[in-house]
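One-letter residues, chain by chain:
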Amino acid sequence: MKRDLLTVLDLNRAEIERLLARARELKAWQREGKSHRPLEGKTLALIFDKPSTRTRVSFEAGMAQLGGTSIYLAPGQTQMARNEPIPDTARVLSRYVDGVVIRTFAQETAEELARHADIPVINGLTDTHHPCQVLSDLLTIQEHFQHQCLSHLKVAWVGDGNNMANSWITAALHLDFTLCLACPQGYEPDAGLLQEAQKKGRRVYLTRDPRAAAQDVQVINTDVWASMGQEEEAAARREVFKPYQVNNELLKLARPEAIVLHCLPAHRGEEITAEVLDGPQSAAWDQAENRLHFQKALLEWLLG
Ligand code: CP
Ligand code: NVA
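All of the points below concern the structure found in this document. The model shown is predicted, which means the values in this text are computed figures rather than measured ones.

The next subject is the site of ligand 2. Inspection of the region around ligand 2 gives Leu 125, Asn 162, Asn 163, Asp 223, Val 224, Ser 227, Met 228, Cys 263 and Leu 264 as its neighbouring residues. The side chain of Asn 162 places a nitrogen or oxygen atom 3.3 Å from a nitrogen atom of ligand 2. Met 228 has a polar backbone atom sitting 2.8 Å from an oxygen atom of ligand 2. Protein chains bury 95% of the 270 Å² of accessible surface belonging to ligand 2 in isolation. Taken together, the residues of the shell around ligand 2 break down into five nonpolar, three polar and one charged.

Next up, the structure:
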């Protein structure tokens, strides 16, 4: 039966751990220059309703490195933009290609596509989830702390309770690390996910105070204050989010060995200072690279 990745909750803990281990192996093979082409003859379609640098390029490069090929469908360039029903698109694409990555607004759009497709559908970001990013981030964390057990970690999320914050909660649900989220009132992550974390007894905490969240953590995470589709709110959000900037002062509260993650693109001087993003504790560039390696492990598993 085909599998989809629409949220982290589509995988179980063992599958996540296996994918992370495989991603480490594929990364090492790439470093050694070893050719590995299990997806020869396979095609991946990328339906993107929002812009992208990392997600698009890492999926396309990953497919090429695995011997497959990809077809990028830019915003507005499919008949879906002219109201062709999603189920029809799903059925037709299932006859041509072996998998689809979709980046869109509503999570329901990705879910509807997956329901009607006979091929794996991967969420390349929606307004509410970004599973490929957070799973790749776990690889970065494992590498930096040189151990594979994530449950001892303490992670902070500082800023908007957006798609990335939700994805961090889904990761904590499965992997049982401590997650402290600091978000302003009215900008909290998904209430249902927070409730589920509470019901399951997970160590997921929400506060208004970025300093409390950052205290003693090994990882500080942040993201833009206005996500794609929220451009008109950007000015108002800049005011609300000012106290949530990740700067050196906040970083000092974390453990001395702490790393800072940002999924990028970043706005230096807003959610993060240049000093921190370009500083010695930033893991943002490894983080961007690891999208490639994690997604290759994912593609090999789902399409292979
Ligand atoms: N982090 C991330 O998904 O980046 P892009 O928007 O460039 O794909
Ligand atoms: N929260 C951001 C993530 C970008 C990768 C957005 O949705 O725009």
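A few words now on the site of ligand 1. All residues adjacent to ligand 1 are Ser 52, Thr 53, Arg 54, Thr 55, Arg 103, His 130, Gln 133, Cys 263, Leu 264 and Arg 291. Backbone polar atom of Arg 54 to an oxygen atom of ligand 1: 2.8 Å apart, as the coordinates give it. Surface burial for ligand 1 is 96%, taken as the share of its 250 Å² of free accessible area covered by protein chains. By residue class, the composition of the shell around ligand 1 is two nonpolar, five polar and three charged.

Our next topic: unusual backbone geometry. The omega torsion across Leu 264 and Pro 265 is 5°, close enough to zero to call that bond cis. Along the polypeptide, Pro 265 turns up in the loop between strand E9 (259-262) and helix H11 (274-277). The residue Asp 176 is not glycine, and still its phi comes out positive at about 65°. Tracing the chain through its elements places Asp 176 in the loop between helix H6 (163-175) and strand E6 (178-182). By relative accessible area, Asp 176 is classed as partly exposed at 25%.

Turning our attention to helix H1 (residues 13-32). For H1, built from 20 residues, the straight-helix expectation of 28 Å at 1.5 Å per residue is met to within 8% by its first-to-last C-alpha distance of 29 Å. Among all positions of H1, only Glu 15, Ile 16, Leu 19, Leu 20, Ala 23, Leu 26, Lys 27 and Trp 29 are buried. Check the buried side of H1 and you find it contacts helix H5 (131-145), H6 and helix H12 (284-303). N-cap assignment for H1: the residue whose side-chain oxygen lies 3.1 Å from the backbone N of Ala 14 is Asn 12. Phi for Gly 33, located one or two positions after H1, is positive at around 80°.

Direction vectors running N to C along H1 and H12 enclose 115°, while the axes themselves pass 8 Å from each other. The two elements H1 and H12 meet at a crossing, and its hand is right-handed. Here Glu 15, Leu 19, Leu 20, Arg 22, Ala 23, Leu 26, Lys 27, Gln 30 and Arg 31 of H1 come into contact with H12, specifically with Glu 289, Asn 290, Leu 292, His 293, Phe 294, Lys 296, Ala 297, Leu 298, Glu 300 and Trp 301. Its residues assigned to classes, the contact of H1 with H12 comprises nine nonpolar, three polar and seven charged.

Here strand E5 (residues 154-158) lies mainly inside the structure; four of its five residues are buried. Relative to E6, E5 runs parallel, the two being bridged by five bridges. Across the sheet, residue Lys 154 finds its bridge partner in E6, namely Thr 178. Two elements, E5 and strand E8 (residues 219-222), share three bridges in a ladder whose sense is parallel.

Let us look at the sheet that holds strand E1 (residues 43-48). Strand order in the open sheet formed by four strands is E2-E1-E3-E4, and the pairing between neighbours is parallel. Edge positions in the sheet fall to strand E2 (69-73) and strand E4 (121-123), since each of these pairs with one other strand and no more. Averaged over neighbouring strand pairs, the angle between their axes works out to 20° when direction is ignored. Sheet topology note: the strand E3 (residues 99-103)/E4 ladder contains three bridges and is parallel.

Further remarks concern the pattern of salt bridges. Enumeration over the complete set of coordinates arrives at 21 salt bridges. The salt bridge involving Arg 22 is made with Glu 300; its shortest N-O contact spans 2.6 Å. Here Arg 22, found in helix H1, pairs with Glu 300, found in helix H12; they are 278 residues apart in sequence, far enough to count as distant. Note that Asp 176 and Arg 203 form a salt bridge whose closest N and O atoms lie 3.7 Å from each other. Of this pair, Asp 176 sits in the loop between H6 and E6 while Arg 203 sits in the loop between helix H7 (191-199) and strand E7 (204-207), and the two are 27 residues apart along the sequence. Exposure remark for Arg 203: the relative accessible area of 30% places this residue in the partly exposed category.

Calculation notes
- Residues numbered from 1 in each chain as written.
- Chains lettered and ligands numbered in written order.
- Predicted model: local features only at pLDDT ≥ 70, side-chain atom pairs only at ≥ 80, totals over all residues.
- Heavy atoms only, no water.
- Near = heavy atom within 4 Å.
- Polar contact = N/O pair within 3.5 Å; in protein donor to acceptor, adjacent residues only side chain to side chain.
- Areas by Shrake-Rupley, 256 points an atom, 1.4 Å probe, with all protein chains shown as cover.
- Nonpolar A, V, L, I, M, F, W, Y, C, P; charged D, E, K, R; others polar.
- Helix = DSSP H or I, 4+ residues; strand = E, 2+ residues; numbered from the N terminus.
- Buried < 20%, exposed > 50% of the residue type's maximum accessible area, 1.4 Å probe, protein only.
- Expected span 1.5 Å × (residues − 1).
- Contact = heavy atoms within 4.5 Å.
- Axes fitted to C-alpha atoms, helices over the stretch in contact; angles between N-to-C directions.
- Left-handed = near helix turned anticlockwise from the far one by under 90°.
- Pairing = 2+ DSSP bridges.
- Salt bridge = Lys/Arg side-chain N within 4 Å of Asp/Glu carboxyl O.

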